[in-house]
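# Results of the structural survey
Here are the chains, one letter per residue:
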Amino acid sequence: HEEAMSPIKRNLFMSALSAVLAACASLPTGQNSATSQDTPPGDLSVSRVLVTEGLQKLQAHRYDDASRIFNAGLKFAPDNAQIHFLNGLTYHLLYQRGDDAAKGLAATGYEMALNIEPAHYPAAMQLGRLAYEPKRYAKAVEAFRPATDIEPASGEAYLGLAMAAYHARDLATA
């Protein structure tokens, strides 16, 4: 049966949906792309198809299937920050569902996205949320801080930073 989404899960899912357009747009098209010089055109279309299929599985709450699909997509586009982000998001949702082992994989996905694309705001935000959820507030402060640098006008990033700092008793930052 279908359960109502918690606000945290809704935020995670909305982050994934907002990344959909960026994910498809960021996959190289074969023109003016460093990645496309090294990647055969067939691999690029396969990546796009896999991203679309993975997002459909996410929407249907079939996280294990989405994870397998995003991992396959990474074989075709290992330097794609959006696929790493979506893979991390999928592991994050598995972690929220009770799979404690998925937490580290979620962090790795977000970190890989940020390594490839340092200004990847959704990955920075989700890394902060991933640390905040189990009450690792000091780590959440450090994770949210880059999000405020990436998107200085984002109230969401500053709210995450302030909440984590408050709970970490870092009142100067809060």
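Residues numbered from 1 in each chain as written. Predicted model: local features only at pLDDT ≥ 70, side-chain atom pairs only at ≥ 80, totals over all residues. Heavy atoms only, no water.

### Focus: the overall build of the chain
- Along the backbone of the chain there are 9 helices and 0 strands.
- From first element to last, N terminus to C terminus, the chain shows the α and β order α-α-α-α-α-α-α-α-α.
- Across the 174 residues in the chain, those meeting the buried criterion constitute 43%.
- Sequence-distant contacts, at least 24 apart, represent 55% of the contacts inside the chain between residues at least 6 apart. (Helix = DSSP H or I, 4+ residues; strand = E, 2+ residues; numbered from the N terminus. Buried < 20%, exposed > 50% of the residue type's maximum accessible area, 1.4 Å probe, protein only. Contact = heavy atoms within 4.5 Å.)

### Quick word on the packing of aromatic side chains
- A complete count under the given rule lists 2 aromatic pairs for this structure.
- Taking the centre distance of 5.8 Å and the plane angle of 35° together, the rings of phenylalanine 85 and tyrosine 110 count as tilted. Taken together, the residues phenylalanine 85 in helix α5 (residues 81-96) and tyrosine 110 in helix α6 (residues 102-116) connect sequence positions 25 residues apart. Taken as a pair, phenylalanine 85 and tyrosine 110 share a single burial class, namely buried. (Phe/Tyr/Trp six-rings, centres within 6.5 Å; stacked < 30°, edge-to-face > 60°.)

### Details of unusual backbone geometry
- The phi dihedral of histidine 61 is positive, around 65°, even though this residue is not glycine.
- You will see that lysine 135, though not glycine, has its phi angle at about 65°, which is positive.
- Looking at the element boundaries, lysine 135 is found in the loop between α7 (121-132) and α8 (137-150).
- Classification of lysine 135 by relative accessible area gives exposed; the value is 59%.

### With respect to the packing of α7 against α8
- The contact between α7 and α8 brings their axes to 8 Å, and the two run at 165°. The orientation of α7 with respect to α8, classified from their angle, is roughly antiparallel. Taken as a pair, α7 and α8 cross one another with a handedness that is left-handed. Across the interface between the two elements, Tyr121, Ala124, Met125, Leu127, Gly128, Arg129, Ala131 and Tyr132 of α7 pack against Tyr137, Lys139, Ala140, Ala143, Phe144, Ala147 and Ile150 of α8.
- Each residue belonging to the contact of α7 with α8 can be placed in one class, and the counts come to 12 nonpolar, 1 polar and 2 charged. (Axes fitted to C-alpha atoms, helices over the stretch in contact; angles between N-to-C directions. Parallel < 35°, antiparallel > 145°, perpendicular 65-115°, else oblique. Left-handed = near helix turned anticlockwise from the far one by under 90°. Nonpolar A, V, L, I, M, F, W, Y, C, P; charged D, E, K, R; others polar.)

### Concerning the side chain of histidine 92
- Topologically, histidine 92 is positioned in helix α5.
- With a relative accessible area of 0%, histidine 92 lands in the buried category.
- For histidine 92, the side chain forms a polar contact with the side chain of tyrosine 110, separated by 2.8 Å. (Polar contact = N/O pair within 3.5 Å; in protein donor to acceptor, adjacent residues only side chain to side chain.)

### Digging into the pattern of salt bridges
- Per the stated rule, a full pass over the model turns up 4 salt bridges.
- A salt bridge links arginine 129 to glutamate 156, with the shortest nitrogen-to-oxygen separation between them at 2.0 Å. Of this pair, arginine 129 sits in helix α7 while glutamate 156 sits in helix α9 (residues 155-167); the two residues are 27 residues apart in sequence, bridging distant segments of the chain.
- Since its relative accessible area comes to 12%, arginine 129 is described here as buried.
- Measuring nitrogen to oxygen at the nearest pair gives 3.5 Å for the salt bridge that ties glutamate 142 to arginine 145. (Salt bridge = Lys/Arg side-chain N within 4 Å of Asp/Glu carboxyl O.)

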